[in-house]
Amino acid sequence: MRKKYLSLLPGLLVLLLFPMGPTAQNSKACALQCPPNSSCVNGTTCRCTPGFISVSGEIFTDPLESCYDINECGPPSPVYCGISADCQNLEGGYYCTCSPGYEPVSGATIFRNESENTCRDVDECSSGQHQCHNSTVCVNTVGSYRCHCRQGWEPKPGLWYKQMNTICKEISFPTWTAPSGIKSQALSHFLNRIQDLGRNFSSASVLNTVGDLVQETGDLLETPGDLKTLPFSEQHFVVPNLLFGLENVLRGVSKALPKGSFTFNSSAGIELSLEVQAPSYRNITLIQKQTKMMLTWDAVRDSGDSGLAVVGLLSTPGMDRFLAEAPLVLDAEELTTLHETHRGLLQETSHILLSDVISAFITNKDTENLRSPVTFVFQHSVTPGPREKVHCVYWEHGQNGSGHWDTRGCWVTRTRDNSTTCQCSHLSIFAVLMAHYSVQEEDSALTVITYMGLSLSLLCLLLAALTFLLCKAIQNTSTSLHLQLSLCLFLAHLLFLTAIDRTESKVLCAIIAGALHYLYLASFTWMLLVGLHLFLSARNLTVVNYSGINRFMKKAMFPVGYGVPAVIVAISAASRPHLYGTSTSCWLHSEKGFKWGFLGPVCAIFSVNLAFFLMTLWILKRKLCSLNSEVSTLQNTRMLTFKATAQLFILGCTWFLGILQVGLAARVMAYLFTIINSLQGVFIFLVYCLLSQQVREQYRKWLKRIRKSKAESEKYTLSSRTMSEGCKHSEET
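Bear in mind that the values here come from a model prediction, so they are computed numbers and not experimental data. (Residues numbered from 1 in each chain as written. Predicted model: local features only at pLDDT ≥ 70, side-chain atom pairs only at ≥ 80, totals over all residues. Heavy atoms only, no water.)

> Looking at this structure, how should I read the overall build of the protein chain?
Looking only at helices and strands, one finds 18 helices and 27 strands in the protein chain. Counting all 733 residues of the protein chain, 42% fall into the buried class. Counted over contacts in the protein chain with a minimum sequence separation of 6, partners at least 24 positions apart contribute 61%. Working note: accessible area of the protein chain is about 40200 Å², and carbon and sulfur atoms make up 58% of it. (Helix = DSSP H or I, 4+ residues; strand = E, 2+ residues; numbered from the N terminus. Buried < 20%, exposed > 50% of the residue type's maximum accessible area, 1.4 Å probe, protein only. Contact = heavy atoms within 4.5 Å. Areas by Shrake-Rupley, 256 points an atom, 1.4 Å probe, with all protein chains shown as cover.)

> Help me out: how do you make sense of the state of the cysteines in this one?
Here a disulfide denotes a covalent bond joining the sulfur atom of one cysteine to the sulfur atom of another. Overall, the coordinates contain 11 disulfides when judged by the stated rule. Between the sulfur of Cys 81 and that of Cys 96 lies a disulfide, 1.9 Å long from S to S. Looking down the S-S bond of the Cys 81 and Cys 96 bridge, the torsion is -65°, so its handedness is left-handed. Placement of Cys 81 in the loop between strand E5 (68-69) and strand E6 (85-90) and of Cys 96 in strand E7 (residues 93-98) is noted, with a sequence separation of 15 residues between them. The pair Cys 81 / Cys 96 is uniform in exposure class, with both members buried. Cys 471 forms no disulfide, and the closest cysteine sulfur to it belongs to Cys 689, at a distance of 8.5 Å. (Disulfide = S-S within 2.5 Å.)

> Before we go on, may I ask you to explain helix H12 (residues 506-539) in this structure?
Turn by turn, an α-helix covers 3.6 residues, leaving residues three or four places apart pointing in a common direction. The first and last C-alpha atoms of H12 sit 49 Å apart over 34 residues, in line with the 50 Å expected at 1.5 Å per residue. A large share of H12 lies buried, amounting to 24 of its 34 residues. (Expected span 1.5 Å × (residues − 1).)

> Can you walk me through the pairing of E7 in this structure?
Among the six residues of E7, five are classified as buried, and the element is accordingly described as predominantly covered. Here E6 pairs with E7 via six bridges, running antiparallel. What sits directly across from Gln 88, in E7, is Tyr 95. Between E6 and the antiparallel strand that follows it, E7, lie two residues; Gly 92 among them carries a positive phi value of about 85°. (Pairing = 2+ DSSP bridges.)

> Mind showing me how you'd approach the pattern of salt bridges here?
Under the definition given, this model contains nine salt bridges. Note that Glu 154 and Lys 169 form a salt bridge whose closest N and O atoms lie 3.0 Å from each other. Residue Glu 154 is found in strand E12 (residues 153-155), and its partner Lys 169 is found in strand E13 (residues 168-170); the two are separated by 15 residues along the sequence. The exposure class assigned to Lys 169 is partly exposed, which follows from its relative accessible area of 27%. For Arg 193, the salt bridge is made with Asp 196, and the minimal N-O distance between the two is 3.8 Å. Linking Arg 193 with Asp 196, this pair stays in helix H4 (residues 185-199), spanning three residues, or about one helical turn. Its relative accessible area of 27% is what places Arg 193 among the partly exposed residues. Take Asp 196: its relative accessible area is 27%, and that puts it in the partly exposed class. The network of salt bridges with shared partners includes Arg 193, Asp 196, Arg 199 and Glu 216. (Salt bridge = Lys/Arg side-chain N within 4 Å of Asp/Glu carboxyl O.)

> Sorry if this is basic, but what is going on with the sheet that holds strand E1 (residues 38-40) here?
To summarise the sheet geometry, strands pair through backbone hydrogen bonds and adopt either a parallel or an antiparallel arrangement. Taken in spatial order, the three strands line up as E1-E2-E4 in an open sheet, and their pairing is antiparallel. A single partner strand is all that each edge strand has here, and the edge strands are E1 and strand E4 (59-60). Relative to strand E2 (residues 46-48), E1 runs antiparallel, the two sharing three bridges. Considered in E2, the bridge of Ser 39 is made with Arg 47.

> It is not clear to me how a positive patch on the surface should be interpreted in this structure. Could you clarify?
On the surface, a cluster of positive charge is contributed by Arg 696, Arg 700, Lys 701, Lys 704 and Arg 705. Along the chain, the position of Arg 700 falls in helix H18 (residues 693-732). (Patch = residues over 30% accessible without salt bridge, like charges linked within 9 Å, V, L, I, M, F, W, Y side chains within 5 Å. Lys, Arg positive; Asp, Glu negative; His and termini not counted. Charge placed at Lys NZ, Arg CZ, Asp CG, Glu CD.)

> Looking at this structure, how should I read the environment of Pro 565?
Topologically, Pro 565 is positioned in helix H13 (residues 547-575). Here Pro 565 falls in the buried class, since its relative accessible area comes to 0%. Spatially, the C-alpha atoms of Pro 565 and His 517 are 8.5 Å apart, while their sequence positions differ by 48 residues.

Functional significance is not addressed by these values, which are geometric in nature.
Below you can see the structure in the form of structure tokens.
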């Protein structure tokens, strides 16, 4: 039995090996287990499936490695599917499809390479595939579409223009707020008319509305009514606000205009030029009768707005009557250059407007720093002279609501006899302004005369003050008046000599100017009191007792002599403190007539003193006719006549010469004013001291005392020396 089974084993082995022969052989050869997405090559090697790759490459031996998908659509060698098509990666492969907004002409939605690409643009607008709001118009673009606002409409706040989700609303009339605190019937009537235009505004009537705005503005400037009677500070506040308000309204309603160029004119000569275009990279030029403006669309376009852009130029010929007298503030660098050129001899300036006042505006409200400067060409009929300089200016709002002309950010590129070209890095209200610089020629002779004359006057005023103070024989009300006059003039001349040119510190210079203002006004006030006292004395010559006059003068002279100038200076300093001190001297600025805070009282005092002089002469003439041969009374009367004449000359005419320094005789008047005015102290000392008999007698007494004292001193010295020599002689003996 055992032998029987053993004889079957070879056959069983043959049966087992026959069907499994090749498989058993491969299993032995691929004993290595390969990862997913790969196949076995032999017992030690695996190969990644097409579309996959391992770290070691397509074939690898490390059983721990993996095969990763190859991104045929990405770097380093992406598959190119052709124009308007996108590559889409798959695990182990890829395919191409048309980009969004395109469709295949062949109808096949996927393809493998560029040669199979049949993609073309889809017109979403005509096919109805767009999602634009009913307030917009669909405009097809290559591969997409945009939703445009209709003409006369604009995107709602917070939404972008020409986007797929744009929602528009009809353009509304901008709000025009009236300037606060201004009472003017003409302005109220104008704003009521503007409100009527706003209530009746529609995008279809935008051309008529813009024309009416220009006409209403022209009518207001042509017949300003009570606007012209407003104070300058209020005019400088209202009128620029009027232009800025008009600019804001025009910027808003002009968006309802179609593409193109528009010009509007009023009967008063106002001219408005508008350019409405889609953004581009070309230059824009707006030309008017007297003005031309050039800029690029790059400066116009708002970064968040790709719709129609508006450029406007508004010329207002009647605006200069309100803004011509507004102050001018020069750029610090330009001011420094002017002073360096004239070496400190530059005096205050006056200016006039050469051109029309214009307002330039664009769609973009942020015009503080434009990408590229705007160029203006202004025509003017006045040719600048040698001491006149042309400035390109713009209107700058002040902190107090008013404003001024400024030059920062604007510069002159070229000026001719009848035109000036300006460039500005911002937009605002512009004009060309010509400033006249009064350059004082340096005259060494006048300087020497001034210093020598004032030095001599200081000495004489000091001697006169000591005389009035120490000479008891002449001490009375008149002497007291002359003493105060001498002290005020002495302090004023001393401060003038030592500090008139201390302009390094503005505060210190303003204080010096205020002190000089007060001291010279006080001097004139004491001159007035001296003239009054002479008149009263002449009128009461027949009265033996002058106690009534003396009591009145003693009570009134100090409050009037020092109080009135203090009130005038206080009012001036409170109203315009910045006008104390100029760039070249510590004196009053001539701007806005500020010097009349000094010249006004001076002229008034001169007129009153002249009246006192004439009345005194009339009284003295009558007195001389009725006098008997009383020598003392006759001498007193003649002395009063002489003093009255000298009073008018010394205390009035000398300063009046300063006002006459104009025209061809200015140089002669300057010399006369300098010589006579610097010698005021000498005249006072001569008239009231040296020509007074009582003072001369007192001087003789003082001289006798000095000589007697000197003689006694010499006698005492000689006696002491004799006694000393006698003692020595006796000792030797």
